[in-house]
Amino acid sequence: MNSEFFSFQLADALRIAIPLLHIEKIIQIQRQQICPLPGIASYWAGITHYQGSLLWILDSERFFDFTPTPALKKSSWTLIVITLQTLEMRRRIALSAKALNGILSLDLINSSSFPPSPQFKNLFSASIILEEEIILVLDTDSFFSNLCTSKHSLINV
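Structural notes, computed from the coordinates. (Residues numbered from 1 in each chain as written. Predicted model: local features only at pLDDT ≥ 70, side-chain atom pairs only at ≥ 80, totals over all residues. Heavy atoms only, no water.)

1. Observations regarding unusual backbone geometry
One non-glycine residue, Glu131, lies in the positive phi region at around 50 degrees. Secondary-structure assignment places Glu131 in the loop between β9 (124-130) and β10 (133-138). In this structure Glu131 comes out as exposed when scored by relative accessible area, which is 70%. Look at Glu132: it is not a glycine, yet its phi comes out positive at around 65 degrees. Summarising the element assignment, Glu132 is placed in the loop between β9 and β10. (Helix = DSSP H or I, 4+ residues; strand = E, 2+ residues; numbered from the N terminus. Buried < 20%, exposed > 50% of the residue type's maximum accessible area, 1.4 Å probe, protein only.)

2. Side note on the sheet that holds β10
If you trace the 5 strands from one edge of the open sheet to the other, you get β8-β1-β2-β10-β9, paired in mixed fashion. Among the strands making up the open sheet, the edge pair consists of β8 (99-106) and β9. The average angle at which neighbouring strand axes cross in this sheet is 30 degrees, direction not considered. Pairing between strand β1 (residues 3-11) and strand β2 (residues 14-19): 6 bridges, direction antiparallel. (Pairing = 2+ DSSP bridges. Axes fitted to C-alpha atoms, helices over the stretch in contact; angles between N-to-C directions.)

3. Side note on the packing of aromatic side chains
By convention here, two paired aromatic rings are described through the distance between centres and the angle between planes. This structure, assessed with the given rule, holds 7 aromatic pairs. With centroids separated by 4.9 Å and ring planes inclined at 90 degrees, the aromatic side chains of Phe63 and Phe64 adopt a geometry described as edge-to-face. For Phe63, a relative accessible area of 5% gives the class buried. With relative accessibility at 5%, the residue Phe64 sits in the buried group. Residues Phe143 and Phe144 carry aromatic rings whose centres are separated by 6.2 Å and whose planes lie at 80 degrees to one another, so their mutual orientation is edge-to-face. Taking relative accessible area as the criterion, Phe143 reaches 0% and is therefore assigned buried. (Phe/Tyr/Trp six-rings, centres within 6.5 Å; stacked < 30°, edge-to-face > 60°.)

Structure (structure tokens):
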């Protein structure tokens, strides 16, 4: 059975796919709209004002240990706003994207897969090779849980 995902480019031959039901919106903001915060993990680009509240911005290249484009050189940021709704609260953050790939339909059961790298295996529910590209399927629940641990962050998103 196929499921729908929104995918974005993290590196030249690496994409991340997020379950479509967790995608709130794609936005583009200028660097001046991001307020960096001292004393937090370096992969947090900062916060911005979004729909009446603060939105935490995660620099995906830094978080997933890729050589990032220096933040000062990025004049604008393409962000994927993702949400996780629980009975208690709604969590929302923005992931930076190098490039957007759009919606794709994946059959996670019948696809060829391989184990993701050990440091990120708990963040992804599947890793697939499709058309010579690696696609990592983000486990949104685990991702938000990991961001709230002291290992990854000092904030509760």
